[in-house]
Amino acid sequence: VLEVPEFEHLRYEVEDGIALVTLARPKALNALSGEVLRELAEVVEVIHQDPEVRAVIFTGEGKAFVAGADISEIAALSDVFVSREYSLLGQEVMNAVAALPVPTIAAINGYALGGGLELALACDLRVASVKAKLGLPEVGLGLIPGFGGTQRLPRLIGQGRALDLILTGRHVSAEEALQLGLVNRVAEDALEAAKDLARTILKNGPVALALAKEAVARGADVPLAEALEIEADLFGLACSTQDMREGTRAFLEKRAPEFKGE
Ligand code: CO8
């Protein structure tokens, strides 16, 4: 049996294969203190080991998703090397989120600023509530994004649009975020919409989902010719699965597939 540690600043539940991680430090708008980051790293490790989990949703309690890294802790930074380590530590946590083999969705229920937007950017998909506000306001604090924002945002929405957000530090509405391609969906209730999206995704072959995610992630960092080889390799693997046998047979027999994830 998988041991789930006690968390102080987040809740972890799994229902019908969907893990829900709720950042719960509402008095500080779920700001990522060192302690919260450590718990986030731990819960991601739990998810990595839990075979029951087929998709993950991250959300926040109260009026924020996550209002950033904890500014009271950042204010104490001055040494170049210590601060660099702090950035690397946060990046490592976001990388662990991005490396989850199952689909991940940020249900952005409210403010997603700074480190909070960086967490959302480490997820595969983003669903925002109509009242969400998103941004990278770091320059207003004399800082720059340090948990992946300067790299993941331009990769997602392009350099020009990313620099607009990074250099102005402005907050964008859910509607503008949708136009920018920063979020995939806008809904009254971000969490319910994220659950619906997860359920839609989970109707598909589980191995295929993992391979598709792997193809997109690995292909993003290499030249096109190499990326296409990665696609062909993973396509080959997909065709060797029972899920592929079942998916194609079910289509030909005009019935719904019953995937086993093998
Ligand atoms: N850190 C610490 N505390 C916070 C944070 C935060 N990021 N955000 C809000 N809080 C606290 C407030 O201080 C306040 O505490 P208290 O009640 O004790 O005064 C409480 O949460 C409620 O906040 P507000 O009263 O400000 O709520 P409002 O509704 O008036 O405003 C805002 C909401 C607009 C979201 C406002 O709180 C705000 O602007 N927050 C800061 C947003 C921000 O700048 N985020 C970026 C932080 S920097 C960052 O994330 C860098 C990541 C990478 C770092 C790498 C470093 C090397």
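Residues numbered from 1 in each chain as written. Predicted model: local features only at pLDDT ≥ 70, side-chain atom pairs only at ≥ 80, totals over all residues. Heavy atoms only, no water.

> I tried to follow the sheet that holds strand β6 (residues 111–113) on my own but got confused; where do I start?
To summarise the sheet geometry, strands pair through backbone hydrogen bonds and adopt either a parallel or an antiparallel arrangement. The mixed open sheet is built from 4 strands, whose spatial order is β4-β6-β8-β9. The sheet terminates laterally at β4 (64–66) and β9 (172–173), the two strands that pair on one side only. Looking at chain direction, strand β8 (residues 133–135) and β9 are connected through 2 bridges and run antiparallel. For Leu-134, the partnering residue across the bridge sits in β9 and is Val-172. (Pairing = 2+ DSSP bridges. Helix = DSSP H or I, 4+ residues; strand = E, 2+ residues; numbered from the N terminus.)

> Can you walk me through the confidence of the model for the chain in this structure?
For residues with low pLDDT, the predicted coordinates do not support detailed interpretation. Taken as a whole, the chain shows an average pLDDT of 97; of its residues, 100% reach a score of 70 or greater. Within the chain, the lowest mean pLDDT, 96, falls on helix α2 (residues 71–74), and the highest, 99, falls on strand β5 (residues 104–108). Across the predicted assembly, pTM comes out at 0.97 and ipTM at 0.97. (pLDDT = per-residue confidence, 0-100.)

> For this particular structure, what's the right way to read the pairing of strand β7 (residues 125–129)?
Of all the 5 residues making up β7, 4 are buried; the element is thus mostly covered by neighbouring parts of the structure. Inspection of the sheet shows β5 paired to β7 by 4 bridges, in the parallel sense. When the bridges of β7 are listed, Ile-105 appears paired with Leu-125. The pairing of β7 with strand β10 (residues 185–187) spans 3 bridges and is parallel. The residue of β10 that forms the bridge with Ala-128 is Val-186. (Buried < 20%, exposed > 50% of the residue type's maximum accessible area, 1.4 Å probe, protein only.)

> Could you clarify how one ought to interpret the pairing of strand β3 (residues 55–60) in this entry?
The side chains of a regular strand alternate, first on one face of the sheet and then on the other. Most of β3 sits inside the fold, with 6 of its 6 residues counted as buried. In β3, alternate side chains face the same way, and those of Ala-55, Ile-57 and Thr-59 on one face and Val-56, Phe-58 and Gly-60 on the other are all buried. By the bridge criterion, 6 bridges tie strand β2 (residues 18–23) to β3 in an arrangement that is parallel. Within β3, the position partnered with Ile-18 by the bridge is Ala-55. Where β3 lies against β5, 3 bridges are found, and the strand directions are parallel. Bridging from a neighbouring strand, Phe-58 pairs with Ala-106 of β5.

> Can you help me understand the site of the ligand in this one?
The local shell around the ligand holds 24 residues, among which Lys-63, Ala-67, Ala-69, Ile-71 and Gly-115 are the closest. In the model, an oxygen atom of the ligand is placed 2.6 Å from a nitrogen or oxygen of the Lys-63 side chain. Considered on its own, the ligand offers 1,100 Å² of accessible surface; in the complex 64% of this is hidden by protein. Within the residue set of the shell around the ligand, elements represented by two or more residues are α2, α3 (80–98), β6 and α4 (115–122). By residue number, the principal contributor to the shell around the ligand is α3, which donates 3 residues. (Near = heavy atom within 4 Å. Polar contact = N/O pair within 3.5 Å; in protein donor to acceptor, adjacent residues only side chain to side chain. Areas by Shrake-Rupley, 256 points an atom, 1.4 Å probe, with all protein chains shown as cover.)

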